[in-house]
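Structural overview
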Amino acid sequence: MVKLGVIGGGEAYRLLREGAIKGENLGAKETPFGKSQPIFHIRPAGGGEYYFLSRHGVDAFSINSSAVNYRANIYAMKDLGVQCILAWSGVGSIAEGFPSGSFAVLEDVIDETRKRASTFYENNGIGFLRQNPLFCPRLRRCLKSALDTLRLNVRVGGVYVCTEGPRLDTAAEIRKFQSYGAELVGSTLVPEVFLARELELCYASFAFVTN
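Residues numbered from 1 in each chain as written. Predicted model: local features only at pLDDT ≥ 70, side-chain atom pairs only at ≥ 80, totals over all residues. Heavy atoms only, no water.

Let us now look at the pattern of salt bridges. For the coordinates displayed, the defined rule picks out nine salt bridges. Linking Arg-116 and Glu-164 is a salt bridge whose minimum nitrogen-to-oxygen distance equals 3.3 Å. With a gap of 48 residues between them, Arg-116 in the loop between strand E9 (108-112) and helix H3 (137-149) and Glu-164 in the loop between strand E11 (159-163) and helix H4 (171-180) connect regions that are remote in the sequence. The network of salt bridges with common partners includes Glu-112, Arg-114 and Lys-176. (Salt bridge = Lys/Arg side-chain N within 4 Å of Asp/Glu carboxyl O. Helix = DSSP H or I, 4+ residues; strand = E, 2+ residues; numbered from the N terminus.)

Here is the structure:
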């Protein structure tokens, strides 16, 4: 069976605190890149299992997007034997076709971050990886099928621009992103998706349009 890891976005801590997601707390994992966020081993009553990590903290939204230890989180998932990662995040829409309250199974990313540790292969000649397709096609199809089953308003596609944060963007910056072809704005998928590819993990993301 393929081992699945799930990385939760800004409201993930509420699901843990309120008991919507229940599982064994394996704790934070020590990695060569520092400690990961605590990882939970989830075994739903209906069968199956997965590992769950809340990237912004488990008790509150205590870690902003610039301060997340992305390398430790992805390394810890790989170390647990995870093969596929499903991530979610909240985004802002800057294009027609992505109304508030809808979902997008993301297609591509534009990196506008500035200061994040973005590779496991610093100071050596490894790490030249193709980024097309960036997200796992098979996992994206599975995600779309699951969202359709729930009868949610979902669109397959969407170019996500990842900004450094934690501040929000200026009007001029939004116009710049639109000129690049960006449709959604967030601040968490980079370097997360690139790190997953470096460790040969299947990775897909869906976004909830909050505004």
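Additional details are given in the paragraphs that follow.
Turning our eyes to something else, we now look at the packing of helix H2 (residues 70-79) against helix H5 (residues 189-198). Packing of H2 against H5 brings their axes to within 9 Å, and their N-to-C directions diverge by 35°. Between H2 and H5 lies a crossing whose hand is right-handed. Where H2 abuts H5, its residues Tyr-70, Arg-71 and Ile-74 lie against Val-190, Pro-191, Glu-192, Leu-195 and Ala-196. (Axes fitted to C-alpha atoms, helices over the stretch in contact; angles between N-to-C directions. Left-handed = near helix turned anticlockwise from the far one by under 90°. Contact = heavy atoms within 4.5 Å.)

Taken as a whole, the largest pocket holds about 690 Å³ of empty space. In terms of lining residues, the largest pocket is bounded by 31 residues, among which Gly-90, Val-91, Gly-186, Ser-187 and Thr-210 are the most central. Of all the secondary structure elements, the ones that give two or more residues to the lining of the largest pocket are strand E7 (84-93), E11 and strand E12 (184-186). In terms of residue count, E7 provides more of the lining of the largest pocket than any other element does, six residues in total. Residue composition of the lining of the largest pocket, grouped by class: 11 nonpolar, 16 polar and four charged. The volume enclosed by the second largest pocket comes to roughly 580 Å³. Residue assignment for the lining of the second largest pocket shows that the elements contributing at least two residues are strand E1 (4-8), strand E6 (50-54), E7, H3 and strand E13 (202-209). (1 Å grid on protein atoms, 1.4 Å probe; cavity = no way out; pocket = protein on both sides within 12 Å on 5 of 7 lines; lining within 4 Å. Points joined across faces, edges and corners; volume = space filled by probe spheres on them. Nonpolar A, V, L, I, M, F, W, Y, C, P; charged D, E, K, R; others polar.)

Moving on to the nonpolar core. Counting residues in each nonpolar core, the largest one holds 36 residues, and the members touching the most others are Ile-74, Ile-85, Leu-106, Phe-135 and Tyr-203. Looking at this core, the elements that each hand over two or more residues are E6, H2, E7, E11, H5 and E13. Sort the elements by how many residues they give to this core and H5 lands first, with six residues. Excluding residues within four positions of it along the chain, Leu-106 makes contact with Phe-135, Arg-140, Gly-157, Gly-158, Tyr-160, Leu-184, Leu-189, Ser-205 and Ala-207. In terms of nonpolar packing, the next biggest core, distinct from the first, is built from 15 residues, Leu-16, Ile-21, Ile-42 and Phe-52 among them. (Core = buried A, V, L, I, M, F, W, Y, C linked by side-chain atoms within 4.5 Å. Buried < 20%, exposed > 50% of the residue type's maximum accessible area, 1.4 Å probe, protein only.)

Let's shift gears to H2. When you tally the buried positions in H2, you get seven out of 10 residues, the bulk of the element. If you check which residues of H2 are buried, you get Tyr-70, Arg-71, Ala-72, Asn-73, Ile-74, Ala-76 and Met-77. Two residues or fewer after H2 comes Gly-81, characterised by a positive phi angle close to 95°.

Everything listed is a geometric property; what it means functionally is a separate question.
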